[in-house]
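Examination of the molecular architecture
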Amino acid sequence: MHSNVSVRLDGNQEFRFDLAGAEPMGHEEGRRWLDDQFIALDCEPLRASGKVLLADKVLTVARAAGEPLMTDPQWSRNFARAASAALAKPVVRVDVPGMTVTF
C-alpha cells in the first residue's frame, strides 16, 4: 500500500514524505514513537480536559518540530512512518496553521 504524509507549517511551508520503500511501523510502535516525541518536544495537550487524541498528538508534535526537524531526513521519515501507522491511514495531511489532520 502506497503511503504519504504531508505537513504544512506557518508561512505556507509544506513538507511531503513519500513512504514508498520505507519499512512500515506497526500501530503500537507508531503510537510509542509519537508519545516519546510529545514528551521530548514538551508538547501540551490541545484540549482543556487534558485528553490527547492520536490526531492531536500528530498535530502538536508537527507544530513543535517545526522546520528544523521537518528538514531532518531521519526524524521526518520516522514522523511520517509513525503518523501513518498510529492513525492507520495511508494518506495523512497535517495543517499546522489550520490545526487540522485529514486522511
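Described in the following lines is the structure provided in the data block. Source: prediction; values computed, not measured. (Residues numbered from 1 in each chain as written. Predicted model: local features only at pLDDT ≥ 70, side-chain atom pairs only at ≥ 80, totals over all residues. Heavy atoms only, no water.)

**Considerations on the pairing of strand S3 (residues 91–95)**
Filter applied, for reference: For two strands to be treated as a pair, DSSP must find no fewer than two bridges joining them. In DSSP terms, a helix is any run of H or I states spanning at least four residues, a strand is any run of E spanning at least two, and both are numbered starting from the N terminus.
In this sheet, S3 lies alongside strand S1 (residues 4–8) in parallel orientation, the contact comprising five bridges. Within S3, the position partnered with Val7 by the bridge is Val94. Here S3 runs beside strand S4 (residues 100–102); their pairing, made up of three bridges, is antiparallel. Paired with Asp95 across the two strands is Thr100, which belongs to S4. What sits between S3 and S4 in their antiparallel hairpin is a turn of four residues, with Met99 showing a positive phi close to 55 degrees.

**Concerning the packing of helix H2 (residues 54–70) against helix H3 (residues 73–87)**
Stated precisely, the cut-off is as follows: Axis geometry follows a simple rule: fit a line to the C-alpha atoms, using only the stretch in contact for helices, then measure angles between N-to-C directions, giving values from 0 to 180 degrees. Here is the rule for angles: anything less than 35 degrees is roughly parallel, anything more than 145 is roughly antiparallel, 65 through 115 is roughly perpendicular, and the remaining ranges are oblique. Contact between two residues is taken to exist if any of their heavy atoms lie within 4.5 Å; hydrogens are not considered.
Closest axis-to-axis distance for the H2/H3 pair is 11 Å, and the angle between their directions is 170 degrees. Classified by the interaxial angle, the pair formed by H2 and H3 is roughly antiparallel. Mapping the contact onto sequence places Leu54, Ala55, Val58, Val61, Ala62, Ala65, Leu69 and Met70 in H2 and Trp75, Ser76, Phe79, Ala83, Ala86 and Leu87 in H3.

**Remarks on the pairing of S1**
Sheet topology places S1 next to strand S2 (residues 14–18); five bridges connect them, and they run antiparallel. When the sheet's bridge partners are listed, Ser6 is paired in S2 with Arg16. From the end of S1 to the start of S2, which pair antiparallel, there are five residues, and Gly11 there has a positive phi angle of about 75 degrees.

**Topic: the side chain of Ser84**
The criterion, for reference: Exposed residues in this analysis have more than 50% of their type's maximum accessible area, buried residues have under 20%, and partly exposed residues fall in between, with area computed by a 1.4 Å probe over protein chains only.
Within the fold, Ser84 resides in helix H3. Taking the relative accessible area as the measure of exposure, Ser84 reaches 9% and is therefore buried. Look past the residues within four positions of Ser84 in its chain and what remains in contact with it is Ser3, Val5, Leu19, Lys89, Pro90 and Val92.

**Looking at the environment of Asp56**
Turning to its location among the elements, Asp56 is positioned in helix H2. The class of Asp56 is buried, set by a relative accessible area of 9%. Separated by 45 residues in sequence, Asp56 and Val101 have C-alpha atoms that sit 8.0 Å apart. Leave out the neighbours within four places in its chain, and Asp56 touches Leu46, Arg47 and Lys51.

**Some points on helix H1 (residues 27–40)**
Operational definition: In a helix, the anticipated span is given by 1.5 Å times the number of residues less one. To obtain the arc, one takes the directions from the helix axis to the C-beta atoms.
Over its 14 residues, H1 extends 20 Å from the first C-alpha to the last, a length consistent with the 20 Å expected when each residue adds 1.5 Å. Burial in H1 covers these residues: Gly30, Trp33, Leu34, Gln37 and Phe38. All buried residues of H1 lie within an arc of 140 degrees about the axis, which places them on one face of the element. Facing away from the buried side of H1 by more than 90 degrees, the exposed set consists of Asp36, Ile39 and Ala40. Among the structural elements, H2 and H3 are those in contact with the buried residues of H1.

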